[in-house]
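Notes for the structure review
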Amino acid sequence: MSQNVNPTHSRMSEQATSSPKNSEGVLQPSKDNHAVTKRLQKELMVLMMGAEKGISAFPEGDNLFKWVGTIHGPEGTVYGGQTYKLSMEFTNSYPYQAPVVKFVTKCYHPNVDITNGVICLDILKEKWSALYDVRTILISIQSLLGEPNNESPLNVAAAESWSNQEKFKEELLKHYNEV
Amino acid sequence: MSRECPWRSQCPEIVRCRQLQALYGPTLFLVRRPGPLSLILRASAVSKPIKVRLSGRHWCSCKTFTTENELCVHLCWALLRLFRLSPTNTLSYQLGMVEREITSILKTAVPLSGGPVSRAAILQQRLPTHSEISKILPDLDCKLPTVAPRPVTNQDCCPICLEPLLQKPFPVSHCRHSCGNHVHIRCLQIWAKCNITDASDGLSKTIKCPVCRGVFNYEADMQSEFRNAPRSRPRATLPPLPAAPPDCEQQETGLMALLDSLLASQHNQEVRNERSSSEGITNSSEAASSASTAGRIREIITPVAVSVLVRALPEWKIPPRHRLLAPGHQCCLCLSHYEAGETVSGLQCGHEFHADCLKPWLQRNSARSRGARCPIDHMDLTPWLTERLISRQRTASREPPPSKSPVPAGANDDLSLRSSRLTLINRLHVGLHPHPCGHLPTPPPSTCSSPPPPPAPSSSEASRPTSGGRKGRLAAQQSAAVLHMVSLHLPIEAQEAAAGGGLVGGRTKQMEPRRGRLSWNSREPALHLEIPCRKISLKAKCQKLN
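None of these values were measured; they are calculated from a predicted model. (Residues numbered from 1 in each chain as written. Chains lettered and ligands numbered in written order. Predicted model: local features only at pLDDT ≥ 70, side-chain atom pairs only at ≥ 80, totals over all residues. Heavy atoms only, no water.)

**A word on the overall build of chain B**
From N to C terminus, chain B includes 16 helices and 13 strands. Residues counted as buried form 48% of the 546 residues belonging to chain B. By sequence separation, contacts in chain B at least 24 residues apart represent 62% of the contacts at least 6 residues apart. (Helix = DSSP H or I, 4+ residues; strand = E, 2+ residues; numbered from the N terminus. Buried < 20%, exposed > 50% of the residue type's maximum accessible area, 1.4 Å probe, protein only. Contact = heavy atoms within 4.5 Å.)

See the structure below:
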């Protein structure tokens, strides 16, 4: 799968890799680029027009394919009052394939890799649908903070300490750096 | 204990279909449960409530059950969804149950073979997927029930590209087996390539719906739908029109030529009026006023001219079992499928639309697209429509007696009419270039942008040398021809178009030319449209008489 393609190097990587998806000519980057840009612009408009509580996102610099999202920890959970930054990278095959979303701020969470910020969330992997957009992804991640899936943890230590919320919060604040 | 209804060892096919419909079709709502076995269901908020009773002989108040006396969707829904019977359980398709069986499904809400199950386990029990059912029932060659497409409203947008659906004439497809939501076919084609389930379940491949994750459609059906959907590449073209000179620029359409000729004569008229009234007006102000009126005329005349032209659209009713009734064919303007008996218009490029959708669309978009164009591939339809209009007019004019003709009777008139039509045909075909073998003085072959040759001296008042020059005179002649043509249609059309506008009354009573400058009022376009028309046609008549 050519999911992690940098749009600027997409042509090169497409020539280099010969995955079945590419060989079918399904996702022509040069052809889709305009459509992707258009869709991302629409999403940006929606995000800026409707003030969604607790989440925000904006492209990083001039590159519309790389966004920075911000999530406020859901109130009433151990993450309440904290702010997390995420990086979102869109490929040329967006929205047919999910963007690569990672935590930039260190996040101590059962389903987040503490070292590189990789998120284990089904809608970013096999349950992805073209219907999802930046807003819904951020809302899903926000709700994931409060309701982790402890059965398939990426951070085993966090999953084990989740039952003891006070201890968990202590551990969490050790890793948390203010944005 | 004897059964009220005979025991069935085989599930009838119709019941299997209804079971599938109950499992995967539109959900029903349990409104009330007056007793443990008597239920009141509803399909939607507006539909009639349906009473269902499970007993020794099941009963339902719906029409299907009362007429067929066979398990209906509601009973299947109650048995499968509410009492969680598996479709493989023999109890799920019996017409009635004995007391022991009823107690067991009430107690456990699972099949007789299973042990008692906790409430949590029941809640977690998921429905069998379509592929699982097809494994259990390999003989069942029954596709999923289809759902009706949701009506497309102005707010609806494609879930993949987020573009509003009704804004552009892109064909759509709807989730045929789950939610009925619409998606652009061009978006879906890419989506389908990434989201086809394997054919390992023995069934044909299916495509996942991007909205509801249900079965959007079977791949084979989908491909035929893709093939049938209107595309911007024309599939069938009518025999080409007589070719224009090869060096002629094709952008200048027949309609624009019509407008330009009107414009040129209007300019002449204005110049003459202004010179007669006041000599002190400078050339620059003339040019400015003519440019502004040019825009106005174009704005006003194009929709009216197109409203005349749409009369020539071919229309036909869809007969039963026509190819347009196959899935995929759709009117790209309202995004709905065709039904037998609907009136359809086919265009020169091979695209079809509802006649009721196409005509308003062409009129609405005429000013922007400079004439009548196909909504899908933007093919210019003006020459084709003009040709049809003229040929229709020609066949019609053979029949009626001369007294009923809107043109005043006279031998000269008849002749001039015929010649003017020919001129019109020529002119509309070659754009701004008069046809070399036409009735007009042949100019040297040149491009549209090249300056016209100096004007030839003329006895007519209309062709006073102006900035328009020979082109102006030529245009006046041609516009006379055009307006003969248009005047045959315009009184009726303009009456409709302007809703009480100026162009009423017989042409013979309007022979008096009006004095003074023309005033332009954008509120009543028809009134002002009529003024230059009449003047020019009058003028042209004088010219011909001279």
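Resuming the write-up.
**Considering the overall build of chain A**
Per the secondary structure count, chain A includes six helices and four strands. Counting from the amino terminus, chain A carries its helices and strands in the arrangement α-α-α-β-β-β-β-α-α-α. Counting across all 179 residues of chain A, residues that qualify as buried make up 47%.

**Here's the deal with the environment of Thr382 of chain B**
All names here are of chain B. Relative to the elements of secondary structure, Thr382 occurs in helix H13 (residues 382-398). The spatial distance from the C-alpha of Thr382 to the C-alpha of Ala305 is 9.8 Å, given a sequence separation of 77 residues. One polar contact links Thr382 to Asp380, side chain to side chain, over a distance of 2.9 Å. (Polar contact = N/O pair within 3.5 Å; in protein donor to acceptor, adjacent residues only side chain to side chain.)

**Structural notes on the pairing of strand S3 (residues 83-89) of chain A**
All names here are of chain A. Among the seven residues in S3, five count as buried, and that is most of the element. Note that S3 and strand S4 (residues 100-103) share four bridges and pair antiparallel. When the bridges of S4 are listed, Leu86 appears paired with Phe103. (Pairing = 2+ DSSP bridges.)

**Considering the side chain of Arg18 of chain B**
If you trace the backbone, Arg18 of chain B turns up in helix H1 (residues 13-24). Apart from the residues within four sequence positions on either side, Arg18 of chain B is in contact with Thr64, Glu68, Glu70, Leu71, Cys72, Val73 and Cys76 of chain B.

**A short note on the interface of chain B and chain A**
A common way to report how large an interface is uses the accessible area buried once the components associate. Counting residues at the interface gives 16 residues for chain B and 18 residues for chain A. For the chain B and chain A pair, buried surface summed over both sides reaches about 1,500 Å², with 57% attributable to carbon and sulfur atoms. Sorting the residues of chain B by area buried against chain A places Leu162, Ile190 and Arg213 of chain B first, and these three jointly supply 34% of that buried surface. For the pair chain B and chain A, the interface holds two salt bridges. Where chain B packs against chain A, one counts seven residue pairs in polar contact (both at pLDDT 80 or more). Element by element, the count of residues in the side of chain B that touches chain A is highest for helix H7 (residues 185-194) of chain B, at five residues. (Buried area = accessible area lost by both parts, 1.4 Å probe. Salt bridge = Lys/Arg side-chain N within 4 Å of Asp/Glu carboxyl O.)

**Thoughts on the UniProt feature "active site" (unreviewed entry) in chain A**
Residues and elements named next belong to chain A. As annotated by UniProt and renumbered to match this structure, "active site" (unreviewed entry) occupies Cys120. Tracing the backbone through its elements, the reader meets Cys120 in the loop between S4 and helix H4 (134-146). Judged by relative accessible area, Cys120 falls into the partly exposed class, the value being 33%. Here Cys120 is in contact with Asn111, Leu144, Ser152 and Leu154, once residues within four sequence places are set aside. (UniProt positions renumbered as here; feature names shortened; annotations may be inferred.)

**Details of the packing of aromatic side chains**
Residue and element names in this part refer to chain A. Tallying each qualifying case throughout the model produces ten aromatic pairs over all chains. Centroid distance Trp67 to Phe90: 5.6 Å. Interplanar angle 70 degrees. Geometry classified as edge-to-face. Placement of Trp67 in strand S2 (residues 63-72) and of Phe90 in the loop between S3 and S4 is noted, with a sequence separation of 23 residues between them. For Phe90, a relative accessible area of 2% corresponds to the buried category. (Phe/Tyr/Trp six-rings, centres within 6.5 Å; stacked < 30°, edge-to-face > 60°.)

**With respect to the UniProt feature "domain: SWIM-type" (unreviewed entry) in chain B**
Per the UniProt record, "domain: SWIM-type" (unreviewed entry) is annotated on residues 50-83 of chain B. Taken end to end, residues 50-83 of chain B is 47% helix and 18% strand, and its two terminal C-alpha atoms sit 17 Å from one another.

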